[in-house]
Amino acid sequence: MNAQELILQNFKGYVQEGDAPYEYLMTHFCEYTYDSRQLIVEGGAIARHFYFVLEGVQAIYVISRTGEKVVLGFSFDGSVSGVYDSFIYQKPSAYFLEALTPSRMLGISIDRFNELFERFPDLLKWRVTFVDAIMEGRGRREVEMLTLSAAERYEAFVKRCPPELLTIPQKYLASYLHMKPETFSRLRKNASSLFS
Amino acid sequence: MKATLETLLQQSHEYGRFIENLKASPAEQLSKKPKKGWSVLEVVEHLNAVYAIYLPNFEKAIANAPTNKESEVGANYQRSVLGRLSVFAMKPKKQKRQFKMKTFDFFEPSGKGEEVFDQFADYKEKFNELIRQARSKDLSGIKMPTALGEKVKFYVPECFEFVLAHESRHLQQIRDLL
């Protein structure tokens, strides 16, 4: 995917090639590359960018008291990425965002992000839609975490997970599904026909 | 709380921000000497002196370590008995600095002006960068010298933890001064 396609896809119905908001987005989203295992946002630091992912998989996580990474979510080709609260409020991040595979991302700074909605207030609708979708996703995940068995969580995840995620180390997926890597591995083996 | 390189980086950012925010305090408050001990500025200068000693040691140890993108320094990194003890002794407990100790002679600050803060920011960024680099290195078995004596060597991750524990002790000292 290239920058143009990524912008047009994410702002479908809100911007069109050649119009002023499109030009603004194309000017102020810059490409950043990260090595695999590189931290894109460090805990304790301030998130500098809001991203769309051109290529690669990233995980957002916290570190538990026992020093384990606890994965809260992933971003991948075509999706948004970043640490939203740290970015919006410019406060130290409580989360780490790490590139799990070599990543290319389009990022915009907070000043340009704020200016975007001042100059093009129609795009606020896009932002509301984006936040709505996040809310819906978080709610669904919370219900899954609180009510489903490990096997059911695994099944629900496989149904909606993008193929890119199946290439990252299993321990990240296991952590995201709140299960031991061994449990994840067993469930994956039992359902191996799904991956063939 | 078990440390990993990531949590150490997080702590380092927090401590760095604490020091940076001090710059907004009035100059006389920063240079005011208590009856006994150092002014705020002198404490920061002391932290700089510590970085000046440790940063080259970290640099050397990390540069010589083999690159390994797969290996991950988790919470169970190698620790030496003395390293563990030193980190424990350094960390302030309940906002109190336990086991008060006298600094080694060469760490005595001279108490200069405000470039102390710029120097600190510079060292801090180098320190953070070294933690980042360490994340993609295989550090197992690698020890580095400390300022605690010729024979005292720490594993690299525990030395990061030690330097930060030392820093947090002095942050507490600053809080007590303000």
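Residues numbered from 1 in each chain as written. Chains lettered and ligands numbered in written order. Predicted model: local features only at pLDDT ≥ 70, side-chain atom pairs only at ≥ 80, totals over all residues.

Visitor: Which residues make up the overall build of chain A, and what values go with them?
Guide: Each helix and strand counted, chain A has 8 helices and 8 strands in total. Expected size for 196 residues packed as a compact globule is a radius of gyration near 16 Å; at 18 Å, chain A falls within 12% of this value. Considering only C-alpha atoms, chain A reaches an extent of 50 × 35 × 30 Å along its principal axes. Every one of the 196 residues in chain A was classed for burial, and the buried ones make up 29%. The contacts in chain A between residues at least 6 apart in sequence include a share of 70% that link residues at least 24 apart. (Helix = DSSP H or I, 4+ residues; strand = E, 2+ residues; numbered from the N terminus. Rg over C-alpha atoms; globule rule 2.2 N^0.38 Å. Buried ≥ 20, exposed ≤ 12 C-beta atoms within 10 Å, placed from the backbone. Contact = placed C-beta atoms within 7 Å.)

Visitor: Hey, could you go over the sheet that holds strand E5 (residues 69–75) of chain A for me, with residue numbers and the actual values?
Guide: Residues and elements named next belong to chain A. Overall, antiparallel pairing links the 4 strands, which are arranged E2-E7-E4-E5 in an open sheet. Each of the sheet's edge strands pairs with one partner strand only, and the pair in question is strand E2 (39–41) and E5. Mean inter-strand twist for the sheet, computed between neighbouring axes without regard to direction, equals 35 degrees. By the bridge criterion, 2 bridges tie E2 to strand E7 (residues 96–99) in an arrangement that is antiparallel. Looking at the pairing, Val41 lines up with Leu97 of E7. (Pairing = 2+ DSSP bridges. Axes fitted to C-alpha atoms, helices over the stretch in contact; angles between N-to-C directions.)

Visitor: Go over the sheet that holds strand E3 (residues 49–55) of chain A, please, and point to the residues and values.
Guide: Hydrogen bonds along the backbone pair up the strands of a sheet, which may run parallel or antiparallel. Residues and elements named next belong to chain A. With antiparallel pairing, 4 strands are arranged side by side in an open sheet as E1-E8-E3-E6. Single-partner strands in this sheet number two, and they are strand E1 (30–34) and strand E6 (80–81). In this structure, E3 lies alongside E6, joined through 2 bridges in antiparallel fashion. Residue Tyr51 lies in a different strand from E6, and its bridge partner there is Ser81. Its contacts with the sheet place helix H4 (residues 110–119) against E3 and strand E8 (103–109), and it is angled at close to 65 degrees to E8.

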